[in-house]
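# A look at the structure
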Amino acid sequence: MRKFKTESRKLLDLMINSIYTNREIFLRELISNASDAVDKRYFTGLTNEAAQVDRGELAITLAFDPQARTITVSDNGIGMSRDDLERNLGTIAHSGSAEFKAAKEVAASDEAQIIGQFGVGFYSSFMVASHVRVVSRAFGSDEAWAWESDGVEGYTIEPAERAACGTDVILTVKEGDAEDGFDGFLTEWGLRDLVRRYSNYVRYPVRMEVTRTRPVEQPADEADKAADKAADGASGEASSAATSADEVAGGDAPEAPAPSDAADASDEDAATPRYETYTEVETLNSMVPIWKRRRSEVTTEELDAFYQSDFHDYEAPLKSIGVHAEGSLSYDALLFVPSHAPFDMYSRDYEKGLALYSSNVLIMDKCPDLLPDHFMFVRGVVDSADLALNISRETLQRNSQLRAIASKVEKKIGAELAAMRDGDREAYERFFQAFGRCLKFGIYTSYGAKAADLADLMLFHAAAADRMQTLREYADAMPEGQEAIYYAFGESREHLARLPLVRAVREKGYDVLLCTEDIDEFCLKALGSYAEHPFVNVADADLDLATQEERDRAAETERENAELLSAIRAALGDEVEKVTVSARVLDVPAALSTTGSVSLEMERLLARMPE
Ligand code: ADP
Ligand code: MG
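Computed from a predicted structure; not experimentally measured.

### Things to note about the overall build of the protein
For the protein, the count of helices and strands is 19 helices and 19 strands. Counting the 611 residues in the protein, one finds 34% classified as buried. For the protein, restricting intrachain contacts to residue pairs at least 6 apart in sequence, the fraction spanning at least 24 positions comes to 70%.

In structure tokens form, the structure reads like this:
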């Protein structure tokens, strides 16, 4: 037995126990290695005519055996010689792939997209395996070698057999209790799920032989008879169909009902299909990442299907947004604006973020740094080969690249929403109904240019118009002489529209924004003004709309009724600050208004909030 070097042993221990937080990534690492090996095999063929290989022949194969507790990851890639096994698997943190990349100058080109770089991924197998056996035959060699290890002490290398070049990595899965989830890896669905989640876009097929059942087809003439008979409604001749199904199904159909006595057979039996089990090889991954395909080649149906399956939504998205960036930082992104808010959108449990891929391999399910809070409803993926990943590939090493991508993504989403606002108002209104609240929170929590951009994405109901309008539209429709943007805040629009204070402003020919959401007023206060027009609550006492004449008349009425006013004041006591005669001509006897920066509604809201 060859021992791992001491440093290696320490490192291995560290690896297995602390680098990875998530043991299920072992399969991602092994498939990535297999993909690299196949890529290298292909690349070798490109530079050496004798080694040419048809891309269609290259593949990764998974197999599992629950009895023996093994999972096997095979590839027909470049393979490893005895020396390679020693160097690459016997030395931790030695990456043959990184060397290959450097030697062959294969950057992340279209021809080869080597994933490996740190030389540690392979060891993640020991998180789930008590024993690992690697059988490999290098391309161009006629010997095969087997590398074996229990992960702790060291490894052995011995001669082995393999028909052609390539590698099999055979894991013996640890025993554990249900909580460890080891047994789940030994099932078709467990493996399929891991492939779909982490390696769905690996560029080579990941195949697995699966067992299925299917109804046994009846020979055509027998089926006809059965059908005729069923049509006749006769019951005497049921035996022929039942017998023929039995013959075809043979002993292979454990789930088929036992053939009944011919005399008992009913019409139903004749029509009930028998089942048999069979195996077939299935490709588990979809390979071509839809976000890397040219937009003109992808149909809306494909985009919708991708969104619905990968982001688990029963409805198609309202909008999809593709981004392809090349240059100092290349990345592709495919973003979706859902058509409705998920049920937990406004709860603490909601996690924002975009899926982050590097070289087609999933790094993070929901990378929160890629989305600002006010666009937290956006779903999608970002894929960049340029990201500097942390050794575990679970976190990112430097955030500057990520920040650069995030800021581009944010701009793009903003621009697309603005385009929807201007181009398809109906869709935009649906969007705003679902997610307007996020934008409002965004305004409340940001400043300057960002808040101003978001302000332009807002829609408001107004008293005069039926449809919702933007602040720009409100401002453009302001008559000569109107300085402020008026708004009223309350429980319902119907109620607000009837409010005397609102009607008084409207009589001036000014429209009033009718706000019914808690956040509205906070948001308008945070903005302060739009296009230099201050926002003014119609309930503000110092609303200065009256003409001099009206004001003079009000002052006179006040003098004349001084006694009445002080009586009312006395009756209301601390409930009000003052009682005056309004300069505004209202067709109601009395109205409440506020002074200071906290409106009546805001005060109510604040009173409702927990301490
Ligand atoms: P990395 O992939 O980051 O280089 P790994 O620990 O995953 O690190 O793998 C170490 C090295 O072992 C790889 O660089 C590669 O040279 C070699 N290797 C691993 N798996 C295979 C395989 N299936 N076929 C050929 N070589 C492999
Ligand atoms: Mg690797």
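### Notes on the environment of Arg-472
Inspection of the secondary structure puts Arg-472 in helix α13 (residues 471-476). For Arg-472, a count of 14 C-beta atoms within 10 Å puts it in the partly exposed group.

### What about the site of ligand 1?
Taken together, 22 residues form the shell around ligand 1, and within it Ala-37, Ser-95, Gly-96, Gly-116 and Gly-121 come nearest. Put simply, the parts of the chain that give the shell around ligand 1 at least two residues each are α2 (25-47), α3 (82-90) and α4 (96-104). Within the shell around ligand 1, the residues separate by chemical class into nine nonpolar, eleven polar and two charged.

### A look at the sheet that holds strand β19 (residues 533-537)
Across the sheet, which stays open at both edges, the five strands sit in the order β15-β17-β16-β19-β18 with mixed pairing between neighbours. Strand pairing shows two members of the sheet lacking a second neighbour, β15 (461-462) and β18 (529-530), which therefore form its edges. Here four bridges tie strand β16 (residues 485-489) to strand β17 (residues 512-515), and the two strands are oriented parallel to one another. Counterpart to Tyr-487 in the pairing with β17 is Leu-513.

### A word on the pairing of β16
In terms of burial, β16 is largely enclosed, as five of its five residues are buried. Every second residue of β16 is oriented toward a common face, with Ile-485, Tyr-487 and Phe-489 on one face and Tyr-486 and Ala-488 on the other, all of them buried. As defined by bridge partners, β16 adjoins β19 across three bridges and the pair is classed as parallel. When the bridges of β19 are listed, Tyr-487 appears paired with Asn-537.

### Some remarks on helix α18 (residues 562-572)
By the criterion of burial, α18 is predominantly exposed, with just zero of the eleven residues buried. Directly beyond the C-terminal end of α18, a positive phi value near 55° is found at Gly-573.

### As for the sheet that holds strand β5 (residues 144-149)
Taken in spatial order, the nine strands make up an open sheet running β1-β6-β5-β4-β7-β3-β2-β8-β9, and their pairing is mixed. Of all strands in the sheet, those bounded by a partner on one side alone are β1 (2-3) and β9 (274-283). Bridge count for strand β4 (residues 129-137) against strand β7 (residues 166-173) is eight bridges, and the pairing is antiparallel. Bridge pairing links Arg-137 to Gly-166 in β7. Helix-sheet contacts for α2 involve β2 (60-65), β3 (70-75), β7 and β8 (206-216), and the interaxial angle to β3 is about 20°.

### With respect to the environment of Ile-115
If you trace the backbone, Ile-115 turns up in the loop between α4 and β4. Sequence separation of Ile-115 and Ala-37 is 78 residues, and the distance between their C-alpha atoms is 10.0 Å. Excluding anything up to four places from it in sequence, Ile-115 contacts Ser-32, Ser-35, Asp-36, Ser-359 and Val-361.

### Looking at the nonpolar core
By size, the foremost hydrophobic cluster in this structure holds 126 residues, and its most contacted members are Ala-488, Val-512 and Leu-513. Looking at this core element by element, the count peaks at ten residues for α2. Apart from residues lying up to four places away in sequence, Ala-488 is in contact with Leu-496, Leu-499, Leu-501, Val-502, Val-512, Leu-514, Cys-515, Val-538 and Ala-539.

### A look at the confidence of the model for the protein
This prediction gives the protein a mean pLDDT of 83; 80% of its residues lie at or above 70. A low-confidence stretch, residues 233-265 stays under pLDDT 50, and its non-local contacts, those more than four residues away or across chains, total 52 contacts. If you check the scores for this complex, the pTM reads 0.70 and the ipTM reads 0.99.

### Things to note about unusual backbone geometry
Positioned with a positive phi, Ala-531 is a non-glycine residue whose angle comes to about 45°. Take Ala-531: it is sitting in the loop between β18 and β19. Under the C-beta neighbour-count criterion, Ala-531 is labelled partly exposed, with 14 such atoms within 10 Å.

### Observations regarding helix α16 (residues 518-527)
Taken together, the buried positions of α16 are Asp-520, Glu-521, Cys-523 and Leu-524. One side of α16 carries all its buried residues, which in axial view fall inside an arc of 160°. Residue Gly-528 follows α16 closely and has a positive phi angle near 80°.

### Regarding the environment of Glu-24
Relative to the helices and strands, Glu-24 is located in the loop between α1 (6-19) and α2. For the pair formed by Glu-24 and Leu-191, sequence separation is 167 residues and the distance between their alpha carbons is 9.7 Å.

### As for the packing of helix α11 (residues 425-445) against α16
With their axes 8 Å apart at the nearest point, α11 and α16 run at an angle of 40° to one another. Between α11 and α16, the crossing angle belongs to the class labelled oblique. Crossing hand, α11 versus α16: left-handed. The segment α11 lies against α16, with Arg-437, Lys-440, Phe-441, Ile-443 and Tyr-444 engaging Ile-519, Asp-520, Phe-522, Cys-523, Ala-526 and Leu-527. For the contact of α11 with α16, the per-class residue count stands at eight nonpolar, no polar and three charged.

Thresholds applied
- Residues numbered from 1 in each chain as written.
- Chains lettered and ligands numbered in written order.
- Predicted model: local features only at pLDDT ≥ 70, side-chain atom pairs only at ≥ 80, totals over all residues.
- Helix = DSSP H or I, 4+ residues; strand = E, 2+ residues; numbered from the N terminus.
- Buried ≥ 20, exposed ≤ 12 C-beta atoms within 10 Å, placed from the backbone.
- Contact = placed C-beta atoms within 7 Å.
- Near = placed C-beta within 6 Å.
- Nonpolar A, V, L, I, M, F, W, Y, C, P; charged D, E, K, R; others polar.
- Pairing = 2+ DSSP bridges.
- Axes fitted to C-alpha atoms, helices over the stretch in contact; angles between N-to-C directions.
- Core = buried A, V, L, I, M, F, W, Y, C linked by C-beta atoms within 7 Å.
- pLDDT = per-residue confidence, 0-100.
- Arc of directions from axis to C-beta.
- Parallel < 35°, antiparallel > 145°, perpendicular 65-115°, else oblique.
- Left-handed = near helix turned anticlockwise from the far one by under 90°.

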